[in-house]
Amino acid sequence: MFSEVMHGLIARINQDNTTENLIQCNFRIGIVPAGSTDCVCYATMGINDPVTSALHVIVGDSQPMDVCSVHHYNTFLKYSVSLLGYGFYGDILTDSEKYRWMGPARYDFSGFKKFLSHHYYEGTISYLPAVGTLGSPRDKSRCKAGCFICFNSGEQLCKEKHRRSDINDNDFEGEWKYAKGKFLAINAACMSCACPRSPKGLSPAAHLADGTTDLIIVRKCSRLNFLRHLLRHTNKDDQFNLSFVEVHRVKKFKFTPKHLENESSDIKDAGKKIFDRICQDHSACCSTPVNSNWNCDGEILDHAEIEVRYGHYSSCHIY
């Protein structure tokens, strides 16, 4: 519901302007939690109690939030304010759609199934580190009302916009970095993504309005190690202190599945590509699916190859 309202307000004010800087939305969205995880409400207020939320609406409290945009090539797909998840979390959401009659329990059921299947996906992640910003994904800071990091990051973004008029965007952005291999999960958290089941969230030190996201990369590992990673979402242990887990604070990132990396290669490989695709599409030939889907704030994105842009979009205010 929150996502639909947010998309409607942004589209109304920006008139479907999805490529340039967004105009800040002066409307505020009040949330009284009644969902499965209440992630946005829990991450902004630290609790998902309806009475507390109603009181915040009454007294007029508000919290700015970053909005990112998701693109497939140059085609706009969706806005996001909380979680983008590929692999494990994308598979859970896709599978759970078949069990909507189970209610919220469908996520536990699908999560158990996907943990047992232990699918991994190959590809390349390219990302633009957030250079010059305050804080890091592992500094144990928590974003609260009047956050110093968010305030200073907002001022820095304004300075960047002025500098962009004098220099080339590519020169200003900095150096892109790459991660290639086999991944169990690729998650991008604009906020902590905390909820009652995970009080600290996927990225406890993520900030609500600093123009960045925390990119969490979980490489292929054993089921036991992956279980260790998942359990750390529910306790006080450092969930990033594992050899197969990486976390980066970024302003942009892209993901390209392996089977699309060589689309522009020599024509002599065309026959091999066709044969590989036939094999991948046939269940008897390949036990692991070639692609996952992206989980975008609880909605499924069918395109695996995406580009995500942060830091150049005005905040959305919520109660």
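Residues numbered from 1 in each chain as written. Predicted model: local features only at pLDDT ≥ 70, side-chain atom pairs only at ≥ 80, totals over all residues. Heavy atoms only, no water.

Going by the annotation in an unreviewed UniProt entry, the name recorded for the protein chain is CERK1 kinase, with Polypterus senegalus given as the source organism.

A.B. asks: Honestly, the confidence of the model for the protein chain in this entry has me stumped. Any pointers?
C.D. replies: Should the pLDDT be low somewhere, the predicted coordinates at that spot are not to be read in detail. Averaged over the protein chain, the pLDDT score is 81; the fraction of residues at 70 or greater is 79%. Across the protein chain, the secondary-structure element scoring lowest on mean pLDDT is helix α10 (residues 270-281), at 47, and the one scoring highest is strand β8 (residues 213-219), at 96. Confidence over residues 264-286 falls short of pLDDT 50; this stretch has 12 contacts with residues more than four positions distant or in other chains. (pLDDT = per-residue confidence, 0-100. Helix = DSSP H or I, 4+ residues; strand = E, 2+ residues; numbered from the N terminus. Contact = heavy atoms within 4.5 Å.)

A.B. asks: Help me understand the pattern of salt bridges in this model?
C.D. replies: If the charged atoms of two oppositely charged side chains come close together, the side chains can form a pair. Inspection of the entire model under this criterion finds 9 salt bridges. The partner of Arg197 in a salt bridge is Asp108, and the shortest N-O contact between them spans 2.4 Å. Of this pair, Arg197 sits in the loop between β7 (177-189) and β8 while Asp108 sits in helix α5 (residues 105-117), and the two are 89 residues apart along the sequence. Overall, the relative accessible area of 55% leaves Arg197 in the exposed class. Between Glu307 and Arg309 there is a salt bridge, with its nearest N and O atoms 3.4 Å apart. Summarising the burial analysis for this pair, Glu307 and Arg309 share the class buried. Through salt bridges with shared partners, a single ionic network connects Asp95, Lys98 and Lys113. (Salt bridge = Lys/Arg side-chain N within 4 Å of Asp/Glu carboxyl O. Buried < 20%, exposed > 50% of the residue type's maximum accessible area, 1.4 Å probe, protein only.)

A.B. asks: I keep staring at the packing of aromatic side chains and nothing clicks. Help me out?
C.D. replies: Any aromatic ring pair is given by two values, namely how distant the centres are and how the planes are angled relative to each other. For the coordinates displayed, the defined rule picks out 10 aromatic pairs. Consider the rings of Tyr99 and Phe109, whose centres lie 5.0 Å apart with planes at 85°: the pair is edge-to-face. Of this pair, Tyr99 sits in the loop between α4 (88-96) and α5 while Phe109 sits in helix α5, and the two are 10 residues apart along the sequence. Taking the centre distance of 6.2 Å and the plane angle of 75° together, the rings of Phe255 and Trp294 count as edge-to-face. With Phe255 in strand β9 (residues 245-257) and Trp294 in strand β10 (residues 294-296), the pair connects residues that are 39 residues apart, well separated along the chain. The pair formed by Phe255 and Trp294 is uniform in burial state, with each residue classed as buried. Within the aromatic cluster, the residues linked to one another by ring pairs are Tyr86, Tyr121, Phe253, Phe255 and Trp294. Against the face of Trp176 rests Lys254, its NZ or CZ located 5.0 Å from the ring centre. (Phe/Tyr/Trp six-rings, centres within 6.5 Å; stacked < 30°, edge-to-face > 60°. Lys NZ or Arg CZ within 6 Å of the ring centre and 35° of its normal.)

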